[in-house]
Amino acid sequence: MSDTPDLRNADANQQWGGRFAAGPSVVMQEINASIGFDRKMWRQDIKGSLAHAAMLARLGILSAEDLAAIRQGLADIAAEIDAGRFAFEDTLEDIHMNVEARLTERIGDAGRRLHTARSRNDQVATDFRLWVRDAIDGLDFQVADLMRALADRAAQHAADPMPGFTHLQTAQPVTFGHHLLAYVEMLARDRGRLADARRRLNECPLGSAALAGTSFPIDREMTAKALGFDRPTANSLDAVSDRDFALEFLAAAAISAMHLSRLAEEIIIWCSAPFGFIRLSDAFTTGSSIMPQKRNPDAAELVRAKTGRVNGALIGLLTVMKGLPMAYAKDMQEDKEQAFDAAEAWELCLAAMTGMVRDMTADTARMRGFAGSGFATATDLADWLVRVLRLPFRTAHHVTGRLVAMAEAKGVDLAGLTLAEMQAVEPGITQAIFDVLTVDASVASRTSFGGTAPANVAAQAARWQAALA
Ligand code: ARG
């Protein structure tokens, strides 16, 4: 882009016009401006400025009158932004300078004093931490809500058998409640990751100034406390250039989005006609413009797909950060859109998933029907041979394999073989074997801790319901 005069703004930047005679080119302004997205942090920016001003006044760096004017000015600006009456300017680059310029417009020199002992570098690091912390709190609440929805459905279906799969091949019967509680466990770990991220995030960069700290006698404990941080950050270089807190948030988001995507995939499979395990209502499905019979699980498909954006945000920010020398670099301005987008996608996915879990109806008869198909109780037969006939497990496995092959050839389930046919393979087998071949006997027998026995599942569902109440 040539630097011709018509690409320039006539005026030098109001904030650093002392050094600059002319304004930036239009393209410079366009690549530089973040106000289009960082305006999202306006509440955090104002909150940070209020804490900073109060601290400056407490230490006599700012007069009481200036503090009063700043408080009033920032309150008025907050009202303007809230009401959609604030004119955000690209020429003012970002949320920090937009707010400060407006403040100065309203209150004059007191506004010009606010930036004492502060830089946009520690300001943005503080604002963004506050924003991510707020996002974490909101998301934690939403994850808990999804867990509650799943635990409720798990309690309802604690004893309803369905086929359990490995390799998506019928493996052993499980209960639908047990399957749903697997996701509750995953989501509980997601909450743990959010809590970890929040704990490490909760240090206040404000007062680190541009990179070296400040010569003013500030009280960083006071601003940290006012903003709900546990303590101030201990190294000013690290404070202005660290984005680990955003990366940890995005890593937690990516793992959780992956969990949601797995559940979405299962919902899609379960609602397909060949499976027919669950049905989603009109509220969470769409029709087809050509095929009148269609009921498509678009919400689940989009939850599955949005995982891509969240993963992209994590990789995107890791890539932005990987080559940056100390301390702040403008590259870091590219941290926010990714985090904003990922948070929004995660929020929407959680809301959609919670909606679907509450909305779905299970065809328990159909699930039960399939639970015993595919020789799903073969392991129960082998276990019986071990328990009753004392066969070594490997031998029992082999005997059972021969019985499965025999049933397959005959076109029946294991229970479709006659006792005589079974005894031809293993003479010790008695009529009692048939008791373990039912789906209900199979799930009821899985009483080991963490197993699928309905009593276990009901207890686990109740434990989660109580923990989440
Ligand atoms: N808009 C900037 C960002 O998001 C704020 C910090 C700018 N600091 C600077 N020295 N240019 O990172």
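Computed from a prediction, not measured in an experiment: that's the story for all the values here.

A word on the pairing of strand β2 (residues 169–175)
Consecutive side chains along a regular strand alternate between the two faces of the sheet.
At step 1: As paired elements, strand β1 (residues 161–166) and β2 share 6 bridges and run antiparallel to each other. Bridge pairing in β2 links proline 161 to threonine 175.
At step 2: Taken together, β1 and the strand that follows it, β2, pair antiparallel across an intervening segment of 2 residues, in which histidine 167 is found at a positive phi of about 60 degrees.

Notes on the nonpolar core
If you look at soluble globular proteins, the nonpolar side chains tend to sit buried side by side.
At step 1: Core analysis: the largest hydrophobic core is formed by 98 residues, its most contacted members being Phe249 and Met353.
At step 2: Residues Phe375, Leu414, Met422 and Val436 belong to the second largest nonpolar core, which totals 21 residues.

Describing a nonpolar patch on the surface
At step 1: Taken together, the side chains of Leu211, Leu237 and Met326 define a hydrophobic patch exposed on the protein surface, amounting to about 270 Å² of accessible area.
At step 2: For leucine 237, the position within the fold is in helix α10 (residues 236–241).
At step 3: The class for leucine 237 is partly exposed, based on a relative accessible area of 32%.

Some points on the pattern of salt bridges
At step 1: Tallied over the full model, the rule gives 29 salt bridges.
At step 2: Salt-bridge contacts for aspartate 196 lead to arginine 199; the nearest nitrogen and oxygen are separated by 2.5 Å. A residue pair is termed a helical-turn pair when its members lie 3 or 4 positions apart in one helix, as aspartate 196 and arginine 199 do in helix α8 (residues 176–201) at 3 residues.
At step 3: A salt bridge links arginine 309 to aspartate 341, with the nearest nitrogen and oxygen atoms 2.8 Å apart. Placement of arginine 309 in helix α12 (residues 298–321) and of aspartate 341 in helix α13 (residues 336–359) is noted, with a sequence separation of 32 residues between them.
At step 4: Relative accessible area serves as the criterion here: at 26%, aspartate 341 is assigned to the partly exposed category.

Remarks on the packing of aromatic side chains
Ring pairs (aromatic) are described by centroid distance and by the angle formed between their planes.
At step 1: The tally for this structure, following the rule as stated, stands at 9 aromatic pairs.
At step 2: A ring pair is formed by phenylalanine 128 and phenylalanine 245, whose centres lie 5.5 Å apart and whose planes are at 70 degrees; its orientation type is edge-to-face. Note that phenylalanine 128 is positioned in helix α7 (residues 120–156) and phenylalanine 245 in helix α11 (residues 244–271), a separation of 117 residues in sequence.
At step 3: By relative accessible area, phenylalanine 128 is classed as buried at 0%.
At step 4: Their ring planes at 75 degrees and their centres at 5.2 Å tell us that phenylalanine 275 and phenylalanine 277 sit as a pair that is edge-to-face.
At step 5: Among the aromatic side chains, those forming a connected cluster through ring pairs are Phe128, Trp131, Phe245 and Phe340.
At step 6: Of note, arginine 463 hangs over the ring of tryptophan 464, and the distance from its end group to the ring centre comes to 4.6 Å.

Remarks on the site of the ligand
At step 1: Ser34, Asp38, Asp94, His96, Arg120, Asn121, Val124, Tyr328, Lys330, Gln333 and Lys336 make up every residue found near the ligand.
At step 2: At 2.9 Å from a nitrogen atom of the ligand is found a side-chain nitrogen or oxygen belonging to aspartate 94.
At step 3: Glutamine 333 places a side-chain nitrogen or oxygen 2.7 Å from a nitrogen atom of the ligand.
At step 4: If the ligand stood free it would expose 340 Å²; the protein chains cover 86% of that surface.
At step 5: For the shell around the ligand, the element with the most residues is α7, which contributes 3 residues.

Definitions and limits used
Residues numbered from 1 in each chain as written. Predicted model: local features only at pLDDT ≥ 70, side-chain atom pairs only at ≥ 80, totals over all residues. Heavy atoms only, no water. Pairing = 2+ DSSP bridges. Helix = DSSP H or I, 4+ residues; strand = E, 2+ residues; numbered from the N terminus. Core = buried A, V, L, I, M, F, W, Y, C linked by side-chain atoms within 4.5 Å. Buried < 20%, exposed > 50% of the residue type's maximum accessible area, 1.4 Å probe, protein only. Patch = residues over 30% accessible without salt bridge, like charges linked within 9 Å, V, L, I, M, F, W, Y side chains within 5 Å. Areas by Shrake-Rupley, 256 points an atom, 1.4 Å probe, with all protein chains shown as cover. Salt bridge = Lys/Arg side-chain N within 4 Å of Asp/Glu carboxyl O. Phe/Tyr/Trp six-rings, centres within 6.5 Å; stacked < 30°, edge-to-face > 60°. Lys NZ or Arg CZ within 6 Å of the ring centre and 35° of its normal. Near = heavy atom within 4 Å. Polar contact = N/O pair within 3.5 Å; in protein donor to acceptor, adjacent residues only side chain to side chain.

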